[in-house]
Amino acid sequence: MRRKEGCHFYINIANLNEVVTKEEEKTGNVKHAVHALDTFFSSIEAYGKRNYSDIFVVEKVTGSRLHMYVTEDITKAYSVIVDIAVYAYALSSYLNKNVGKYKSLLDFEIQVGCCYGKFYDFIFKMEEKEEKTTIGYAANYAAKLQSITSIGFISISENIYEELEKEQKSFFSIKRDGRISKYGQSCYYTANLSRFNVTKRVESGLEYAKEVAYRVNLNEMSFASPNSKINLDYLTTKESKKIEGIPLFADVRGFTSQFKDDDSNLAEMAKKTQDILTSMYKIVNRKGTHVQFQGDREFALYHNFGDYDCCEDAVLAGMRIIDAVHEFQVCVGVGQSLGKLFVSKIGARGEKDIVVLGHTVIEADGFEDDYAKANQLVIGTEIYQILHTKNIQLAGQFKKLNERCYYTTVGYRKFMQLLEGNHLAKNNQQRNYNGAWRA
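Quick look at the structure, then. (Residues numbered from 1 in each chain as written. Predicted model: local features only at pLDDT ≥ 70, side-chain atom pairs only at ≥ 80, totals over all residues. Heavy atoms only, no water.)

## Some thoughts on the overall build of the protein
- Looking only at helices and strands, one finds 14 helices and 18 strands in the protein.
- Rg of the C-alpha trace for the protein: 23 Å, near the compact-globule value of 22 Å for 439 residues, within the 12% margin.
- Its C-alpha atoms give the protein principal-axis dimensions of about 85 × 55 × 40 Å.
- When each of the 439 residues of the protein is scored for burial, the buried share is 56%.
- A total accessible area of about 19,400 Å² is found for the protein, and carbon and sulfur atoms account for 46% of it.
- Averaging the positions of the 57 positive and the 56 negative side-chain charges in the protein gives two centres separated by 2 Å. (Helix = DSSP H or I, 4+ residues; strand = E, 2+ residues; numbered from the N terminus. Rg over C-alpha atoms; globule rule 2.2 N^0.38 Å. Buried < 20%, exposed > 50% of the residue type's maximum accessible area, 1.4 Å probe, protein only. Areas by Shrake-Rupley, 256 points an atom, 1.4 Å probe, with all protein chains shown as cover. Lys, Arg positive; Asp, Glu negative; His and termini not counted. Charge placed at Lys NZ, Arg CZ, Asp CG, Glu CD.)

In structure tokens:
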């Protein structure tokens, strides 16, 4: 684990779910949308590496957004990010107008958020797998800014804005939003990307994107339904999956605040990070599939196949995670939703990034980020209804939060104790003393 300083930024396709849904309704598949997503993110990566290879890093694709960072001082990092953001903004409309296979798609609508600060890069090691993730305030706050930014705009943290020249500041207007208060902030600054000039470098990058668009032929792509638990290692842009499943997001609360400013506990925190991520990884891989770590957040996937229904296993995994993480003196919030999903692997970073697309992902993400408090599991109404039919005792641990979701603060161990207690009480009532039931 190493401490670094730089600017994290996210470029998000805010309407990707609408793009996917419209194509599926029209054609019965989502080949064009996934192909365009592959081209879009791969072209942004290529543009950044071609022009800023020494300081520009693509961390990963997280659903509809590309997470990157620039390791430079604030003013230099700002200029790099604006250039890449302007390129992405121009590219979002350029592709559909200039690449025939994308003409039937909606234009991508993007939003960009960035924050400068310290962070830690960490390589998670498990069996034969390695996965890089970054942990820190800058990445977390940049992601939040992106999520609340208007379409076609870029938002920057206050510490970036304060370092800009007067002319640079003139592009931005101040915004106040209560949703950033938990990050210790009261305001941020935002600008319409259309106000920035399109340079010859950007125009050259747009031409290159057309070359990227023709690397994979649409008729080579397929979305098959699985007859067993999917193996993400075997997915490619050409061979993807269409599933009915549950995305699981489990975010560790307040973890970054435990890193001391002088790095005196860095070795201790490196071990703690490994232990926390390992505990979540092991739990989800029992019956589910680990997709990726997003900072100190676990993203996993459960799905139906054959006669197997994933709901109970997904919910019990969320409850297990609450227990497991609590042992490390931290809390976790978990969100889950059920629905149709498309799972593929795209070309940013050499086709290493798994993408899980669909409204269900957005909903599960929101349940975790917006609704789940410390040590709470929030599930969608569809999951609750299935539990109520198949496992009334498990459903009974949840309370209604609103029309969309239910929540529980009960961990797995407490649920098992409640089950055992109920079983013993029933046995006593029936004068059946054959011993305690074990889950």
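## A short note on the side chain of Glu 59
- With respect to the helices and strands, Glu 59 occurs in strand E2 (residues 56-62).
- Buried charge without a partner: Glu 59 forms no salt bridge, and the closest opposite charge is Lys 60, 4.2 Å away.
- There is a polar contact of 2.4 Å between the side chain of Glu 59 and the side chain of Thr 134. (Salt bridge = Lys/Arg side-chain N within 4 Å of Asp/Glu carboxyl O. Polar contact = N/O pair within 3.5 Å; in protein donor to acceptor, adjacent residues only side chain to side chain.)

## Comments concerning the packing of helix H2 (residues 31-52) against helix H7 (residues 200-213)
- In contact at an axis separation of 9 Å, H2 and H7 are set at 135° when each is read in the N-to-C sense. The angle between H2 and H7 falls in the class oblique. Note that H2 runs across H7; the crossing there is right-handed. Where H2 approaches H7, its residues His 35, Thr 39, Ser 42, Ser 43, Ala 46, Tyr 47, Arg 50, Asn 51 and Tyr 52 are matched on the opposing element by Arg 201, Val 202, Gly 205, Tyr 208, Ala 209, Val 212 and Ala 213. (Axes fitted to C-alpha atoms, helices over the stretch in contact; angles between N-to-C directions. Parallel < 35°, antiparallel > 145°, perpendicular 65-115°, else oblique. Left-handed = near helix turned anticlockwise from the far one by under 90°. Contact = heavy atoms within 4.5 Å.)

## Focus: the nonpolar core
- Grouped together as the largest cluster of nonpolar side chains are 70 residues, with contacts concentrated most on Ile 11, Phe 40, Ile 44, Ile 154 and Phe 172.
- Here this core gets 15 residues from one element, more than from any other, and that element is helix H3 (residues 74-98).
- Beyond its immediate stretch of four places on either side in the chain, Ile 154 contacts Ile 81, Val 82, Ala 85, Val 112, Cys 114, Thr 149, Phe 172, Tyr 189, Thr 190, Ala 191, Leu 193 and Phe 196.
- Formed by 51 residues, the second largest nonpolar core is a distinct cluster that contains Ile 246, Phe 255, Leu 316 and Val 410. (Core = buried A, V, L, I, M, F, W, Y, C linked by side-chain atoms within 4.5 Å.)

## What about the packing of helix H8 (residues 266-287) against helix H9 (residues 311-326)?
- Packing of H8 against H9 brings their axes to within 10 Å, and their N-to-C directions diverge by 160°. In this view, H8 runs roughly antiparallel relative to H9, as classed from their interaxial angle. When the axes of H8 and H9 are compared, the crossing they make is right-handed. Two secondary-structure elements touch here, H8 through Ile 276, Ser 279, Met 280, Ile 283, Val 284, Arg 286 and Lys 287 and H9 through Asp 313, Ala 317, Arg 320, Ile 321, Ala 324 and Val 325.

## Describing the environment of Leu 106
- Tracing the sequence through the fold places Leu 106 in the loop between H3 and strand E4 (110-126).
- For Leu 106, a relative accessible area of 31% puts it in the partly exposed group.
- The sequence separation of Leu 106 and Glu 18 amounts to 88 residues, and the corresponding C-alpha distance is 8.2 Å.
- Once you skip the residues sitting within four places of it in the chain, Leu 106 turns out to touch Asn 15, Glu 18, Val 19, Lys 22 and Asn 96.

## Considerations on the pattern of salt bridges
- One pass over the structure, following the stated rule, counts 26 salt bridges.
- Asp 275 is the partner of Lys 271 in a salt bridge, and the nearest nitrogen-oxygen pair spans 2.8 Å. Of this pair, Lys 271 and Asp 275 both sit in helix H8, four residues apart, roughly one helical turn.
- Residue classification places Lys 271 among the exposed positions, given a relative accessible area of 55%.

## Points about the packing of aromatic side chains
- Counted under the stated rule, the structure contains 20 aromatic pairs.
- Ring geometry for Tyr 161 versus Tyr 189: centroids 3.6 Å apart, planes at 0°, classification stacked. Of this pair, Tyr 161 sits in helix H5 (residues 158-161) while Tyr 189 is found in strand E8 (residues 187-192), placing the two residues 28 residues apart along the sequence. Grouping residues by exposure puts Tyr 161 and Tyr 189 together as buried.
- Ring pairs connect the aromatic residues Tyr 78, Phe 171, Phe 172 and Phe 196, which therefore count as one cluster.
- A cation sits over an aromatic face here: Arg 50 above Tyr 208, 4.9 Å from the ring centre.
- Above the plane of the ring of Tyr 161 lies Lys 169, whose end atom (NZ or CZ) is 5.2 Å from the centre. (Phe/Tyr/Trp six-rings, centres within 6.5 Å; stacked < 30°, edge-to-face > 60°. Lys NZ or Arg CZ within 6 Å of the ring centre and 35° of its normal.)

## What about the state of the cysteines?
- What the rule picks out here adds up to zero disulfides.
- With no disulfide of its own, Cys 331 has Cys 405 as its nearest cysteine by sulfur position, at a separation of 20 Å.
- Its relative accessible area of 26% is what places Cys 331 among the partly exposed residues. (Disulfide = S-S within 2.5 Å.)

## Details of the pairing of strand E14 (residues 339-346)
- Burial analysis of E14 places seven of its eight residues in the buried class, which makes it a mostly covered element.
- Note that strand E10 (residues 239-253) and E14 share five bridges and pair antiparallel. Following the sheet pairing, Lys 242 is matched in E14 by Phe 342.
- Summarising the sheet, E14 and strand E15 (residues 353-357) pair through five bridges and their orientation is antiparallel. The residue bridging Phe 342 from the neighbouring strand is Leu 357, located in E15. (Pairing = 2+ DSSP bridges.)

## Observations concerning the environment of Leu 95
- Residue placement: Leu 95 occurs in helix H3.
- In this structure Leu 95 comes out as buried when scored by relative accessible area, which is 1%.
- Residues in contact with Leu 95, not counting those within four places in the same chain, are Ala 36, Thr 39, Phe 40, Tyr 102 and Ala 209.

## What to know about unusual backbone geometry
- Residue Asp 263 is not a glycine yet carries a positive backbone phi of 65°.
- With respect to the secondary-structure elements, Asp 263 resides in the loop between E10 and H8.
- You can call Asp 263 partly exposed: its relative accessible area is 23%.
- Of note in the backbone geometry, Asn 375 takes a positive phi value of approximately 60° without being a glycine.
- With respect to the element layout, Asn 375 can be found in the loop between helix H11 (359-371) and strand E16 (376-380).

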